[in-house]
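The lines below spell out each chain.
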Amino acid sequence: MTAILHVRCAPGLPEDGYRELLDLLREFSPFVQALPPRAALVQARGAQRYFGSGPTRIAEVVRLRAVARLGTDVRIGVSTTWAVAAMASARVPEPGGVLSVPGESVTAFLAPLPVETLHGLGARQADALRRYGLHTVGALTRVPPGVLERILGKRAGRTVADRARGIDPRPVTPRDLPASTAVRTRFTRQELDGPHTRAALLTLVVRLGATLRGRHQAARSLHLTLHFAGGTRWEKTRRLPEPSAHDEDLRTLAYRLMDAAGLQRARLTGMTLRAEDLTGAAAATRQISLDPVRESRLTVEAAVDRANARFGPGTVRPAATLLSGGASASGTLAA
């Protein structure tokens, strides 16, 4: 049976270190899927045949090489599915180690875990399940899947029912650069479309642009999701004229997306801005600009990136983002 390794890096691992870890993992298998900012999947079936060792031993060697060659420890979960391997790696204490959950032990491993630890389950979904008395992963297996579909919705309920039973058909898809990356913010109070909301959106643009440039990527399109009081949301995607990771290009399109929402008295609780259809920055064509203002902004942008790389993210940022003090930002996400 195919074994999957879910590798978690130590917090604070720089981008270069993360890329070096991915290169190390490819020494064991060509099937390595990057899960930025600090995790990866490895399909170990070929490695088992090549090295003549079981997946647990391979995971231990990966960890030893990461410490010896990269100076960083890793936490590795080993199992037969992506979801269970990820849950296993999350149970390994810092700074590192290996936790193997063979197929015959999956049910016993999952059953006592709190429901919120189920891979892919959101906090709001976990709260909904607990309100119905479903507090552990094992409890989810003792109710018909139809009950979970009524609580969480048909698609989410079916997925949760499967993962609670250790079922996860997703393969390891070799991938270096993520297909998309997103940043999000939650408002500490409900907001209308105004200066504070636009400042929060600009903050997301700046963070997203810095992330893309740091990964040497460019986006072909942006996707904006607006979250409203009451749990509803609005979302829309638009393509950029050409692939870009520059703040000016991302800001222009992000503001157009916000304008397209046609907000009047809608109360916002948060926003998510996602860069999609990513490509390597080296592969993105850049048209020669005759606009000296734009060229000056690109020069300043490069200088800001260097300053933030040296003194810390957000050290230098647009003054307008200071208005977004009523928002709390979360980290960069990948899908």
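Residues numbered from 1 in each chain as written. Predicted model: local features only at pLDDT ≥ 70, side-chain atom pairs only at ≥ 80, totals over all residues. Heavy atoms only, no water.

Engineer: Quick question: what am I supposed to make of the sheet that holds strand β1 (residues 4-9) here?
Structural biologist: Adjacent strands of a sheet form backbone hydrogen bonds with each other and so pair up, either parallel or antiparallel. On the basis of which strands lie adjacent, the open sheet formed by five strands has the order β2-β3-β1-β4-β5 and mixed pairing. Because the sheet does not close on itself, it has two edges, and the strands there are β2 (32-35) and β5 (97-100). Taken over all neighbouring pairs, the strand axes of this sheet differ in orientation by 15 degrees on average, direction set aside. Relative to strand β3 (residues 39-43), β1 runs antiparallel, the two sharing five bridges. Looking across to β3, one finds that Ile4 is bridged to Gln43. Seen against the sheet, helix α3 (residues 55-70) touches β1, β4 (74-79) and β5 and runs at an angle of roughly 165 degrees to β4. (Pairing = 2+ DSSP bridges. Helix = DSSP H or I, 4+ residues; strand = E, 2+ residues; numbered from the N terminus. Axes fitted to C-alpha atoms, helices over the stretch in contact; angles between N-to-C directions. Contact = heavy atoms within 4.5 Å.)

Engineer: Could you clarify how one ought to interpret helix α4 (residues 82-90) in this entry?
Structural biologist: Counting along an α-helix, one turn takes 3.6 residues, and residues three or four places apart therefore face a common direction. Of all the nine residues making up α4, eight are buried; the element is thus mostly covered by neighbouring parts of the structure. When α4 is considered as a whole, its buried residues turn out to be Trp82, Ala83, Val84, Ala85, Ala86, Met87, Ala88 and Ser89. (Buried < 20%, exposed > 50% of the residue type's maximum accessible area, 1.4 Å probe, protein only.)

Engineer: How should unusual backbone geometry be read in this particular structure?
Structural biologist: Trans peptide bonds make up most of the peptide bonds, and negative phi angles are found at most residues other than glycine. Note the cis peptide between Glu94 and Pro95, where omega equals 5 degrees. When you line up the elements, Pro95 lands in the loop between α4 and β5. Phi angles above zero are rare outside glycine, and His216 is one such case at about 60 degrees. Since its relative accessible area comes to 54%, His216 is described here as exposed.

Engineer: Teacher, can you tell me more about the packing of helix α8 (residues 145-152) against helix α9 (residues 154-164) here?
Structural biologist: The description of two helices packed together rests on the angle between their axes and the distance between the axes. Two numbers describe how α8 lies on α9: the axes approach to 7 Å, and their chain directions differ by 135 degrees. With respect to each other, α8 and α9 are oriented oblique. Between α8 and α9 the crossing geometry is right-handed. Of α9, the residues touching α8 (which contributes Pro145, Leu148, Glu149 and Leu152) are Lys154, Ala156, Gly157, Arg158, Val160 and Ala161. Split into classes, the residues belonging to the contact of α8 with α9 amount to six nonpolar, one polar and three charged. (Parallel < 35°, antiparallel > 145°, perpendicular 65-115°, else oblique. Left-handed = near helix turned anticlockwise from the far one by under 90°. Nonpolar A, V, L, I, M, F, W, Y, C, P; charged D, E, K, R; others polar.)

Engineer: I tried to follow the packing of helix α6 (residues 123-131) against α8 on my own but got confused; where do I start?
Structural biologist: Running from N to C, α6 and α8 cross one another at 120 degrees; their axes reach a closest spacing of 10 Å. On the basis of their axis angle, the class for α6 and α8 is oblique. Remark: the crossing between α6 and α8 carries right-handed chirality. Contact residues: α6 offers Gln125, Ala128 and Leu129, while α8 offers Leu148, Ile151 and Leu152. Across the contact of α6 with α8, the residue classes break down as five nonpolar, one polar and no charged.

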